[in-house]
Amino acid sequence: MRRAGTVVAAYGRQYRVELADGTTLLCFPRGKKSELACGDQVIVQPTNTAQGVVSSFEPRKTLLYRSDKFRQKLIAANVTQIVIVVATEPPFSDELLTRCIVAAETQGIRVVIVLNKCDLAGLVASAARTLAPFEKLGYPVLKLCARTESALLLPCLEEQTSLLIGQSGMGKSTLTNALIPGAKASTREISQALNAGKHTTTHTRLYHLDARSALVDSPGLMAFGLRHLSADELAQAFIEFRPLLGRCRFRDCRHDREPDCSLHAALDQGDIDPRRFAAFRSLCAEIG
């Protein structure tokens, strides 16, 4: 009998699927190609009490993924919010932060930024200055210490399926374990099922906070390529650009060296943050 479920963990060509009654199956896709992501709604055919085969998946409301010239990497499906975790130390990349936001904006996904390790009081001011341009644009910035103040994030997670994302070392795992006491146990169970040992931290995993809220923990990022986006899609994803688009002298303006470019005029007037604009130009150069 086929049954509906949710992919709660994705690793290679194997998936942990949670059924409506709370039981889970280790499932495999039909065929050689695997295109599933954590958070996908799927139909599975159980083959025994512990395993099954994914026969189909439902249309996605959202899909976050990254891409470079060689491949695409699915991150999560059907999330409604991303929580980008940065920290006072080690230093974080504001360009990588921008790329995460661009990916979210193209999917209509809400963004929350968490500044972790705020117990290191002497480093907070510098990190806050880096985040100031994002906060000015309206992206909420929540300052906390994941070890002792994780509960401060809970109101932001209510009735959302939230993806935790960020560079390695920012404290995502600490935050996950603080919010979900059973997270370590769940990871250990997956490790035993896959014989994966120390590599389990490379897998995306969905946890339920309550009946209407979920948290998706993802591996640490080193890069976030967005080669699947067009130049127009990139420009639209920078919310401060939107009122200016279509006002350049040339209809096909690339916002590079063309005269009378509305974005360059705003940049010169201080209405666009230089590092945000540099990140935009970097992304445009990548897609050619």
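The structure we're discussing is the one just above.
The structure displayed is predicted, hence computed values, not measured ones.

Draft legend 1. Quick peek at helix α5 (residues 172–179). The complete set of buried residues in α5 reads K172, L175, T176 and L179. Down the axis of α5, the buried set is contained in an arc of 100°. They therefore lie on one face.

Draft legend 2. Region of the structure containing the layout of surface pockets. Quantified by volume, the largest pocket comes out at close to 580 Å³. Around the largest pocket, the lining comprises 27 residues; the ones closest to its centre are L36, Q72, K73, L74 and I75. Of all the elements in the fold, those that place two or more residues in the lining of the largest pocket are β1 (3–11), β6 (63–67) and β7 (72–77). When grouped by side-chain class, the residues that make up the lining of the largest pocket number 13 nonpolar, 8 polar and 6 charged.

Draft legend 3. Seen up close, empty space enclosed by the protein. Enumeration according to the criterion identifies 1 cavity of 30 Å³ or more in this entry. Size it by volume and the largest cavity reaches roughly 40 Å³. Looking at the largest cavity, the residues that line it are I84, V85, V86, S93, L96, L97, C100, G166 and Q167. Those elements that place two or more of their residues in the lining of the largest cavity are β8 (81–87) and α1 (94–106). Of the residues belonging to the lining of the largest cavity, the class tally is 6 nonpolar, 3 polar and no charged.

Draft legend 4. Local environment of the packing of aromatic side chains. Counted under the stated rule, the structure contains 5 aromatic pairs. A ring pair is formed by F241 and F277, whose centres lie 6.2 Å apart and whose planes are at 55°; its orientation type is tilted. Linking F241 in the loop between α7 (231–237) and α8 (262–268) with F277 in helix α9 (residues 274–287), this pair joins segments that are 36 residues apart in sequence. Residue F241 is classed as buried on the basis of its relative accessible area of 0%. Here the aromatic residues F238, F241, F277 and F280 are joined through ring pairs into a cluster of three or more. Over the face of the ring belonging to Y207 we find R205, whose NZ or CZ atom lies 5.0 Å from the ring centre.

Draft legend 5. The pattern of salt bridges, seen in detail. Scanning the model with the defined rule gives 13 salt bridges in all. Note that R99 and E286 form a salt bridge whose closest N and O atoms lie 2.5 Å from each other. Note that R99 is positioned in helix α1 and E286 in helix α9, a separation of 187 residues in sequence. According to the relative accessible area criterion, R99 is buried, its value standing at 8%. R257 serves as the salt-bridge partner of D256, at 3.2 Å between the closest nitrogen and oxygen. Residue classification places D256 among the partly exposed residues on the basis of a relative accessible area of 23%. Assessed through its relative accessible area of 73%, R257 is described here as exposed.

Draft legend 6. The arrangement of the environment of T23 in detail. Mapped onto the elements, T23 comes out in the loop between β2 (14–19) and β3 (24–29). Of the residues examined, T23 reaches a relative accessible area of 37% and is grouped as partly exposed. Taking the C-alpha atoms as reference points, T23 and F238, separated by 215 residues in sequence, lie 42 Å from one another. Non-local contacts of T23, meaning those with residues more than four positions away in its chain, are made with V17 and E18. Here the side chain of T23 touches D21 through a polar contact of 2.7 Å, side chain to side chain.

Draft legend 7. Looking closely at α9. Compared with the 20 Å implied by 1.5 Å per residue over 14 residues, the 20 Å span of α9 between its first and last C-alpha is a close match. The set of residues buried in α9 consists of R276, F277, A279, F280, L283 and C284. All buried residues of α9 fall inside an arc of 155° around its axis, so they share one side. Seen from the open side of α9, the exposed residues pointing more than 90 degrees away from its buried face are P274, R275 and A285. Next to the buried residues of α9 lie α1, α2 (121–136), α7 and α8. G288 sits one or two residues past α9 and shows a positive phi near 75°.

Draft legend 8. Representation of the nonpolar core. If you look at the biggest cluster of nonpolar residues, it comprises 71 residues, and the most contacted ones within it are I82, I113, L131, L153, L163, F224 and F280. At 7 residues, α1 tops the list of elements feeding residues into this core. Among all residues touching L131, those that are not within four sequence positions of it are V86, F92, L97, I113, L115 and V141. Judged by nonpolar contacts, the second largest core, of 11 residues, contains A10, V42, V44 and V54.

About the criteria used
Position labels on residues start from 1 in each chain and follow its written sequence. Only residues with pLDDT of at least 70 are given local features in this predicted model, and only at 80 or more are side-chain atom pairs given and counted; all residues enter the totals for whole chains, interfaces and linings. Just so you know, side-chain values use all the structure's heavy atoms and leave hydrogens and water out. When a residue's accessible area, from a 1.4 Å probe over protein chains only, is under 20% of the maximum for its type it is buried; when over 50% it is exposed; and in between it is partly exposed. For the purposes of this entry, the term helix denotes a DSSP run of H or I that reaches at least four residues, the term strand denotes a run of E that reaches at least two, and both are numbered from the N terminus. As used here, the arc belongs to the directions running from the helix axis to the C-beta atoms. Computed over the protein atoms alone on a 1 Å grid, cavities are sets of points where a 1.4 Å probe fits but cannot get out and pockets are open sets with protein on both sides within 12 Å along at least five of seven lines; a residue lines them when it has an atom within 4 Å of a point. Grid points are joined across faces, edges and corners, and a volume is the space filled by probe spheres set on the points. Gly is put with the polar residues, along with every residue not named as nonpolar or charged; the nonpolar set is Ala, Val, Leu, Ile, Met, Phe, Trp, Tyr, Cys and Pro, and the charged set is Asp, Glu, Lys and Arg. For Phe, Tyr and Trp, where Trp contributes only its six-membered ring, two rings pair if their centres lie within 6.5 Å, and the inter-plane angle classes them as stacked under 30 degrees, edge-to-face over 60, or tilted in between. We call a charge positioned above a ring when the Lys NZ or Arg CZ atom is no farther than 6 Å from the ring centre and deviates by at most 35 degrees from the ring normal. Here, a salt bridge means any Lys or Arg side-chain nitrogen found within 4 Å of an Asp or Glu carboxyl oxygen. The contact rule is simple, with two residues in contact once any of their heavy atoms fall within 4.5 Å. For this analysis, a polar contact is any N or O atom pair within 3.5 Å, provided that within protein one partner can donate a hydrogen and the other can accept it, and provided that sequence-adjacent residues contribute only side-chain to side-chain pairs. A helix is expected to span 1.5 Å for every residue after the first. The criterion is simple. A nonpolar core is a set of buried Ala, Val, Leu, Ile, Met, Phe, Trp, Tyr and Cys residues joined through side-chain atoms within 4.5 Å.

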